[in-house]
Amino acid sequence: MGQGRRMKRKQGMPEALSEEHFANLKRKAGLPVEPPVEKASLSNKKRKTGAAKKPEPAPKKAAASAKSNGKPKKKSKLPEPEADGSEDEEMGDEFDLDQLEGDESSDEEASSGGKKKNIWSDDEDEDAEEDDDSVFDSDDQEEGKKGKFVFSDDEDESDAEEKLTAANIAGLSRKLDKKLAEDKAITEAELQESAMQTNIDGPKIFGEGLEDDDEEDDLAKKSQALLAPDLQLLRQRITDNIRVLDDFANLAEEGRSRAEYTAQLLKDICGYYGYSPYLAEKLFNLFTPREAFAFFEANEMPRPVVIRTNTLRTHRRDLAQALINRGVTLEPVGKWSKVGLQIFETNVPLGATPEYLAGHYIIQAAASFLPVMALSPQPNERVLDMASAPGGKTTYCSAMMNNTGVVFANDPNKERAKGLIGNVARLGVRNVIVCSYDGREFPRVMGGFDRVLLDAPCSGTGVISKDPSVKTNKDEKDFISLPHMQKQLLLSAIDSVNHASETGGFLVYSTCSVTTEENEAVVNYALSRRPNVKLVDTGIPFGKEGFTSFMGKKFHPSLKLTRRFYPHAHNIDGFYVAKFQKIGPTPPNAIGAAGKKSGGAAADAEVEVIDKTPIATDDDDVESEEKKAGKKGKSSNGTSSSSSGKGDFSAFDEEEDVKYIEKAKRNAMRRRGLDPRALKKPKAQEKK
Ligand SMILES: C[S@@+](CC[C@H](N)C(=O)[O-])C[C@H]1O[C@@H](n2cnc3c(N)ncnc32)[C@H](O)[C@@H]1O
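Rules used in this analysis
Residues numbered from 1 in each chain as written. Predicted model: local features only at pLDDT ≥ 70, side-chain atom pairs only at ≥ 80, totals over all residues. Heavy atoms only, no water. Salt bridge = Lys/Arg side-chain N within 4 Å of Asp/Glu carboxyl O. Helix = DSSP H or I, 4+ residues; strand = E, 2+ residues; numbered from the N terminus. Buried < 20%, exposed > 50% of the residue type's maximum accessible area, 1.4 Å probe, protein only. Pairing = 2+ DSSP bridges. Axes fitted to C-alpha atoms, helices over the stretch in contact; angles between N-to-C directions. Near = heavy atom within 4 Å. Polar contact = N/O pair within 3.5 Å; in protein donor to acceptor, adjacent residues only side chain to side chain. Areas by Shrake-Rupley, 256 points an atom, 1.4 Å probe, with all protein chains shown as cover. Nonpolar A, V, L, I, M, F, W, Y, C, P; charged D, E, K, R; others polar.

1. Observations concerning the pattern of salt bridges
And step 1. Applying the stated criterion to the full structure yields 16 salt bridges.
And step 2. Close ionic contact of Glu 297 with Arg 235 constitutes a salt bridge, the shortest N to O distance being 2.8 Å. With a gap of 62 residues between them, Glu 297 in helix α13 (residues 289-298) and Arg 235 in helix α9 (residues 231-246) connect regions that are remote in the sequence.
And step 3. For Glu 297, a relative accessible area of 17% translates into the label buried.
And step 4. Under the relative-accessibility criterion, Arg 235 is labelled partly exposed at 26%.
And step 5. With its nearest N and O atoms 3.0 Å apart, the salt bridge here joins Asp 240 to Arg 243. Placement of the pair is Asp 240 and Arg 243 together in helix α9, with a separation of three residues, close to one helical turn.

2. As for the environment of Gln 232
And step 1. If you trace the backbone, Gln 232 turns up in helix α9.
And step 2. Relative accessible area serves as the criterion here: at 39%, Gln 232 is assigned to the partly exposed category.
And step 3. Remark: the alpha-carbon pair of Gln 232 and Tyr 272, spanning 40 residues in sequence, is separated by 9.2 Å.

3. Things to note about the sheet that holds strand β2 (residues 329-332)
And step 1. Across the sheet, four strands lie side by side as β2-β3-β1-β4; this open sheet has antiparallel pairing. Because the sheet does not close on itself, it has two edges, and the strands there are β2 and β4 (361-363). Direction aside, the axes of adjacent strands within the sheet are offset by 30° on average.
And step 2. Across four bridges, β2 lies against strand β3 (residues 340-345) in antiparallel orientation.

4. So, the site of the ligand
And step 1. Every one of the 19 residues lining the ligand counts as a neighbour, but Lys 393, Asp 411, Arg 416, Gly 439 and Asp 455 are closest to it.
And step 2. Within the backbone of Ala 389, a nitrogen or oxygen atom sits 3.3 Å from an oxygen atom of the ligand.
And step 3. One nitrogen or oxygen atom from the side chain of Lys 393 is found 2.9 Å from an oxygen atom belonging to the ligand.
And step 4. Calculation on the ligand without its partners gives an accessible area of 590 Å², and the protein chains cover 86% of this total.
And step 5. Elements supplying a minimum of two residues to the shell around the ligand: α17 (392-400) and α20 (478-495).
And step 6. Here the residues of the shell around the ligand sort into nine nonpolar, five polar and five charged.

Here it is as structure tokens:
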């Protein structure tokens, strides 16, 4: 209500961008405030790519294109990104950064010196070339620096960029104003019409007020047949009932209980939005009635189209300029991301622009940036993306890692994995190994990862605007079988993390669903089965806290650290993100540990957890054991002592030796490709 159209479409918690905004910035900076002129400091930022030289960005052109945006245009349909596989791996390296550096290194300095950054000053300055972590959204997201995403400020922005953005936005505003006026006229006409209808005293939509269920259904059907359900009236009753439920003591009719109002409301929601009663109730219960209404409403609207800059190939500001030159109206997705661009309008299919084909961006929902930001993979790490196709998050991990280290991108669905391979190729990602296992086979397949992402298969209740079939095709069975699988996958994911990782030891669990069964209940289960993990802050600067109790169920208090995202509250897909830290080795008798494919009993069977950390050479072994001893023996004041406390020359400890000998034997067997569990076989069997 009262919310502008643009604001409605705007991503997350957007910052209003207007000419006035930039004018204010200029005033602050002591610059004259004037209408846009045709001077572009961007013009000295010539870029070479492996393909043709790009035309120099010119604000005039930008303004012109923004102007043309002011005219009503047919919105282009956004095709699915193609797995075209067009490889131009070297492009990223061929940018002429000399030109950039004069300008952009100042941004780097700014970032390192704590100076504020401009609105386009993201990663771009540093990411493609520098190997500090500024390529990432999570510059300051390293563990221990929670919630410190750098918020780019515009203070340092050059005039041209301000004008560029202002012109782009001005064009957009004009267009939106026009559209707004048209919408207003239509709404007024509709209101007049509905006012005439609401004067008629309530047709009994769906048998309102009738006692007997069968009779009610019959009559409801008849009345529907006679009278097409009047959506206006239905909506009116929905809002009326919400108002009553909001202030029940004062507004309820005498003799009508809260339960009756709620039942009526749910029924109307099913009728109006087309949900199955089962799902409508499940989703309704997550919120207050008013918020539930907002949620259902938001599911009827498309989420903004967002692209993620591939920082392995380009910088966000260059990409923005190139797309603006093609007539795309866009702006940064929000301060929380340095790589996202929200697309308002485009004349060109975003899945077929030269920039797309050259791998400069990927079309990716803003919400799916979040798990990766929370994971915050670091350069040179070993990362597992357990359910990775089609690779939006995998390729973001790679960009954050600057194409170093290795990301194992797993997905058992080979068809989907093709899309993943296509994206990996197009985006010039070189540190990914694609594999295709059931995630529950980890860590048997491989373990010892610095970080693991489990973006689990889910019911999709957070993405109903994209897939409305969810409204009716998910039933009780799904909310039993999916959580069951999610729990198994999560235990496998936990067991695949190396708790002793020098840089990591983290796991992110995410879903694009909002139900507690698939989120808090799964995470709570994992906490109860794995005392060697704890929840930590996701570092994401927005989102609602996870539930610590829900409909009589109590969850661990630390569930508060997990994050829920909603379309109505954050204008992104519904999403859930939980971040774990692994603080100790997997208990040897861990119940329900990974590897058992089937559900049911398998999930509860005792499974030996095998250390799948990459096999080190004997020397490495010694070194890493020493490292561990050193690490663990470090006292709080930083002095080091041996773990036994007996100094370097402590007496032999036979028990401890047995452990090392066993481990060495197992390693030796694995080197020879044998199953180390054979060691456990009874001697008699071995002799045989
Ligand atoms: C939410 S999607 C992943 C999206 C992906 N992370 C991305 O950002 O592009 C869930 C994926 O889980 C995969 N999946 C289903 N069952 C699985 C299992 N048992 N183990 C691992 N992955 C599984 C599906 O094939 C699907 O691609």
